[in-house]
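One-letter residues, chain by chain:
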Amino acid sequence: MRFALDSSQQDFASSIDALLSKSDMPAVIRSWNRGDTEPGRKVWQRLAETGINGLLIGEEHDGLGADAVDLVVAVEQLGRHAVPGPVAETIAVAPHLLAQAAPGRLSALAEGSLATVATPPHVPFAVDADTADLVLLVENSSLHLGDPGVVQDSVDQSRRLFPVTAGQRLGAVECAPAFDLGALATAAQLQGLGHTLLEMTTDYAKQRKQFGKVIGQFQAIKHHLAEVAVGLEMSRPLLHGAALSVRDGSPNAPRDVSAAKVACGDAAYRAARVALQVHGAIGYTQEHDLSLWLTKVRALVTAWGTSSFHRGRVVDSLVGAS
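Residues numbered from 1 in each chain as written. Predicted model: local features only at pLDDT ≥ 70, side-chain atom pairs only at ≥ 80, totals over all residues. Heavy atoms only, no water.

Before going further, it helps to spend a moment on the overall build of the protein chain. Scanning the protein chain from terminus to terminus reveals 11 helices and eight strands. For the protein chain, the C-alpha radius of gyration of 19 Å lies close to 20 Å, the compact-globule estimate for 322 residues. Dimensions along the principal axes, computed over C-alpha positions, put the protein chain at roughly 65 × 50 × 40 Å. A sequence separation of at least 24 residues applies to 70% of the contacts in the protein chain between residues at least 6 apart. (Helix = DSSP H or I, 4+ residues; strand = E, 2+ residues; numbered from the N terminus. Rg over C-alpha atoms; globule rule 2.2 N^0.38 Å. Contact = heavy atoms within 4.5 Å.)

So, about the sheet that holds strand β4 (residues 142-148). An order of β1-β3-β4-β6 is seen for the four strands of this open sheet, with the pairing classed as mixed. Either end of the sheet is taken by a strand with one partner, and the two such strands are β1 (115-118) and β6 (164-172). The sheet shows a mean angle of 35° between the axes of neighbouring strands, direction not considered. Where strand β3 (residues 134-139) and β4 come together, four bridges link them in antiparallel fashion. Bridged to Glu 139 within β4 is Ser 142. (Pairing = 2+ DSSP bridges. Axes fitted to C-alpha atoms, helices over the stretch in contact; angles between N-to-C directions.)

Let's shift gears to the packing of aromatic side chains. Inspection of every chain in the model, using the stated rule, returns two aromatic pairs. Taking 5.9 Å as the distance between ring centres and 50° as the angle between the ring planes, the aromatic pair formed by Phe 179 and Trp 304 counts as tilted. Taken together, the positions of Phe 179 in helix α7 (residues 175-207) and Trp 304 in the loop between α10 (290-300) and α11 (307-321) put the pair 125 residues apart, joining distant regions of the chain. Across the pair, exposure class does not vary: Phe 179 and Trp 304 are buried alike. Ring plane angle 90° and centroid distance 5.7 Å describe the contact between Phe 179 and Phe 309, whose orientation is recorded as edge-to-face. Of this pair, Phe 179 sits in helix α7 while Phe 309 sits in helix α11; the two residues are 130 residues apart in sequence, bridging distant segments of the chain. Among the aromatic residues, ring-to-ring pairing joins Phe 179, Trp 304 and Phe 309 into one connected group. (Phe/Tyr/Trp six-rings, centres within 6.5 Å; stacked < 30°, edge-to-face > 60°. Buried < 20%, exposed > 50% of the residue type's maximum accessible area, 1.4 Å probe, protein only.)

Over its 13 residues, helix α4 (residues 68-80) extends 18 Å from the first C-alpha to the last, a length consistent with the 18 Å expected when each residue adds 1.5 Å. With its phi angle positive at about 55°, Ala 82 sits one or two positions after the end of α4. (Expected span 1.5 Å × (residues − 1).)

Now for the pattern of salt bridges. Going through the model one piece at a time under the given rule, you end up with 13 salt bridges. With a closest N to O distance of 2.9 Å, Arg 30 and Asp 289 form a salt bridge. Of this pair, Arg 30 sits in helix α2 (residues 25-33) while Asp 289 sits in the loop between α9 (253-279) and α10, and the two are 259 residues apart along the sequence. (Salt bridge = Lys/Arg side-chain N within 4 Å of Asp/Glu carboxyl O.)

In this section: the packing of helix α8 (residues 219-248) against α9. Any two packed helices are characterised by how steeply their axes cross, that is the angle between the axes, and by the distance between the axes. Running from N to C, α8 and α9 point in directions that differ by 160°, and their axes come no closer than 8 Å. Our classification of the angle between α8 and α9 gives roughly antiparallel. Here α8 runs over α9; the crossing is left-handed. For the contact of α8 with α9, a count of residues per class yields 19 nonpolar, five polar and three charged. (Parallel < 35°, antiparallel > 145°, perpendicular 65-115°, else oblique. Left-handed = near helix turned anticlockwise from the far one by under 90°. Nonpolar A, V, L, I, M, F, W, Y, C, P; charged D, E, K, R; others polar.)

Quick look at the nonpolar core now. Grouped together as the largest cluster of nonpolar side chains are 88 residues, with contacts concentrated most on Leu 47 and Leu 78. Ranked by the residues each element gives to this core, the list is headed by α7, at 15 residues. The contacts of Leu 78, once residues within four sequence positions are left out, are Ile 16, Leu 20, Trp 44, Leu 47, Ile 52, Val 83, Val 87 and Ile 91. Judged by nonpolar contacts, the second largest core, of seven residues, contains Ala 118, Ala 126, Phe 162 and Val 164. (Core = buried A, V, L, I, M, F, W, Y, C linked by side-chain atoms within 4.5 Å.)

Moving on, we come to the side chain of His 288. Relative to the assigned elements, His 288 resides in the loop between α9 and α10. Of note is the side chain of His 288, whose polar atom sits 3.0 Å from the backbone nitrogen of Leu 290. The residues contacting His 288, other than those within four sequence positions of it, are Arg 30, His 279 and Ile 282. (Polar contact = N/O pair within 3.5 Å; in protein donor to acceptor, adjacent residues only side chain to side chain.)

What follows concerns unusual backbone geometry. The peptide bond linking Pro 120 to Pro 121 adopts the cis configuration, its omega dihedral lying at 10°. Residue position: Pro 121 is located in the loop between β1 and β2 (126-127). If you check the backbone angles, Asp 128 has positive phi at about 55° while not being a glycine. Relative to the helices and strands, Asp 128 resides in the loop between β2 and β3. With a relative accessible area of 0%, Asp 128 lands in the buried category.

As structure tokens, then:
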């Protein structure tokens, strides 16, 4: 099967990329890390004007009424630029949950609010609950407003993690599809992060010299970068295939989402590892922009289900089908 984006999807991705390219994203991320979220909120407001917050929200609630394929197209661009904030939660998870339990809150989300969600046990913490306009908790198939607890440390300083206790009950929800949307969106972020790491590392390899030659001329460097490129290209069909499964309501959607999450996570992690090796000691420093992408990959690899969990879902699905 061949996956190809149509012209409107390509244009949408290009418009998001162009918008984010105009922002000094490393400076925005560092401000977010320090607790100054105003520059990041301005980026999110500009994104909301493109309709990205309302992708999965129906037109009757001021959204675009788009589908999971459009979701991965858009969120991959946010991953490329390492946009801080609760990306998967705002764009993918919260719209699905609110549509079931509190549709009256959807219009505000589409207009530019940030939402965060905890769905224990696989998502025990709500990301950026101190910044989000709406904090949600799924507990026993019910959706609640969440009351954040004490912040927990994360390897990615732009992802502040909060335990959440249940507040006002909003209604009953089917949480499994929401979890799959969160995992799918996270896989798309990882795909975008991996591509930017490959681009950053390739550019560095063309400039850094050792023994009188740019290091990109050495076979070992070429091979490492080629492996990263192959891994990212091999994960892309799984990502788009999972989006189609979710869009079409396929019974294999959970398996396909898990396969995409594993593949995109592995590819991005390989890109991060190679990026660090090629950059050398400078890649370890917080002053270098590379660190902002490295730490986000490390955090998202285990977000919305660990690799072990998702591999287990794939195996269980295949064994059950045999």
